[in-house]
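Overview (structure and organization)
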Amino acid sequence: MGSALPVRTTAATPQPMPETPADARAVVAFWAVSSAHRIDQDAGFDRAFRERFLNLHMETAARKRDNWMAAPDGALALLILTDQFPRNAFRGAGHMYATDSLARFFPRQALDAGYMERVDPKMRLFFCLPFAHSEDLADQDVSVSLNGRLGQLWLDHAQNHRDIIRHFGRFSHRNPMLGRATTPQEEGFLEAGGFQG
C-alpha cells in the first residue's frame, strides 16, 4: 500500500476591516476635537455642528448611511449623528429626541461586533450614552453595565440616570418639549436642582 497523501489545510484569512467613509471620519474627528473644548450649551458650537452635518444627520435618520456600520468609526459616526447631533442642533425642541430609537439600534449592533473596544478610548462613552438617554429602564440597565467599563465617574453618572427613570419613569425636564404634563412631584424635583439634562 502507498502512503497516504498529506491533507492540505488552509487557514482562514481574516478579512480586512472596511475603510471608514470620509464623511464618517469627518463626523468623528469634528466631535472628538470640538466637543472636548466646548462649554456645555455653547450656541456657537451648536450652530457650527448643525451647519456642517445637518444633511448627514437627515440622511442617517432616513437610513441612507447604514453601510457605515461595517467599520467601528463608521458606527461611532452613526451614534454621534443620531444621539449627540440632535441634542446640540435642535436644543430646546422636541426634535432633540427624534432619532433616539435609531441611536439605540446602532450601538446594539456595534456592541455585538465588538466595536466599542476598537475605537479611541476617549470616544467609547458615545456607545453608552444612547442607553443613558433612554426612558426605558431596561436600557438604563444596559447603560450602567456599559459605563461600568469606563470607570467610577461614568458609572455614577449612569446610575443617577437610572435612579431617575426608576423613580419617575421618564426624564422630567423633557416634559415641556414633548408636551407632557409635569406632576407636582416632578416639579419639586426640578425646582430642587434635579437633573435637567
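The preceding data block contains the structure.
The text that follows walks through the structure, step by step, so that each part is easy to find. (Residues numbered from 1 in each chain as written. Predicted model: local features only at pLDDT ≥ 70, side-chain atom pairs only at ≥ 80, totals over all residues. Heavy atoms only, no water.)

Quick look at the overall build of the chain
Note the cut-off: Comment: elements are numbered from the N terminus, with helices defined as DSSP H or I runs of at least four residues and strands as E runs of at least two. Note on classification: 1.4 Å probe, protein chains only; a residue is buried when its accessible area is under 20% of the maximum for its type, exposed when over 50%, partly exposed between these limits. Note on definitions: a residue-residue contact is assigned when non-hydrogen atoms from the two residues lie within 4.5 Å.
Helix and strand counts for the chain come out as nine helices and zero strands. Each helix and strand of the chain, ordered N terminal to C terminal, gives the series α-α-α-α-α-α-α-α-α. Across the 197 residues in the chain, those meeting the buried criterion constitute 41%. Contacts spanning at least 24 positions in sequence make up 59% of the contacts within the chain whose residues lie at least 6 apart.

Here we look at helix 6 (residues 137–147)
Test applied: To obtain the arc, one takes the directions from the helix axis to the C-beta atoms. Two N or O atoms form a polar contact when they lie within 3.5 Å of each other; inside protein one atom must be a possible hydrogen donor and the other a possible acceptor, and for residues adjacent in sequence the pair counts only when both atoms belong to side chains.
The complete set of buried residues in helix 6 reads Asp 139, Gln 140, Ser 143, Val 144, Leu 146 and Asn 147. Down the axis of helix 6, the sector holding all buried residues measures 165°, keeping them to one side. Contacts from the buried residues of helix 6 go to helix 4 (100–112), helix 5 (129–132) and helix 7 (152–168). Between a side-chain oxygen at the N-terminus of helix 6 and the backbone nitrogen of Ala 138 the separation is 2.9 Å; the capping residue is Asp 136.

Considerations on the side chain of Thr 60
Relative to the helices and strands, Thr 60 resides in helix 2 (residues 43–61). Using a relative accessible area of 0% as the deciding quantity, one classes Thr 60 as buried. Looking at Thr 60, its side chain comes within polar contact range of the main-chain oxygen of Leu 56, at 2.8 Å. In this view, Thr 60 contacts Arg 65, Leu 78, Leu 81, Thr 82, Leu 102 and Phe 106; residues no more than four positions away in its chain are not counted.

Quick notes on the environment of Met 123
You can see Met 123 is positioned in the loop between helix 4 and helix 5. Counting along the chain gives 47 residues from Met 123 to Leu 76, while the straight-line C-alpha distance between them is 8.2 Å. With residues near it in sequence (within four places) discarded, Met 123 still touches Val 28, Trp 31, Ala 32, Leu 76 and Ile 80.

Regarding the pattern of salt bridges
Stated formally: Salt bridges, as used here, are contacts in which a Lys or Arg side-chain nitrogen is within 4 Å of a carboxyl oxygen on Asp or Glu.
Across all of its chains, the model carries 15 salt bridges by this definition. A salt bridge links Glu 59 to Arg 65; the shortest N-O distance between them is 2.6 Å. Taking the relative accessible area as the measure of exposure, Glu 59 reaches 27% and is therefore partly exposed. Exposure remark for Arg 65: the relative accessible area of 19% places this residue in the buried category.

A look at the environment of Leu 78
Take Leu 78: it is sitting in helix 3 (residues 72–89). Excluding anything up to four places from it in sequence, Leu 78 contacts Thr 60, Arg 65, Trp 68, Met 69 and Phe 106.

A closer look at the environment of Trp 154
Looking at the element boundaries, Trp 154 is found in helix 7. When its relative accessible area of 30% is taken as the criterion, Trp 154 is described as partly exposed. For the pair Trp 154 and Val 144, spaced 10 residues apart in sequence, the C-alpha to C-alpha distance is 8.6 Å. Those residues within four positions of Trp 154 in sequence are excluded, and the remaining contacts are Leu 125 and Asn 147.

Concerning the side chain of Arg 162
Looking at where Arg 162 falls in the secondary structure, it is placed in helix 7. Apart from the residues lying within four places of it in its own chain, the contact partners of Arg 162 are Leu 137, Gln 140, Asp 141 and Val 144.

Brief notes about helix 2
Stated formally: Multiplying one less than the number of residues by 1.5 Å gives the expected span of a helix.
Taking 1.5 Å as the rise per residue, helix 2 with 19 residues should run 27 Å; its terminal C-alpha atoms sit only 23 Å apart, a clear shortfall. Among the residues of helix 2, Phe 45, Asp 46, Phe 49, Phe 53, Leu 56, His 57 and Thr 60 are the ones counted as buried. Here the buried face of helix 2 lies against helix 1 (22–34), helix 3 and helix 4. N-capping of helix 2 is provided by Asp 42, with a side-chain oxygen placed 2.8 Å from the backbone N of Gly 44.

It is worth stressing that arrangement in space is one thing and function is another; only the former is reported here.
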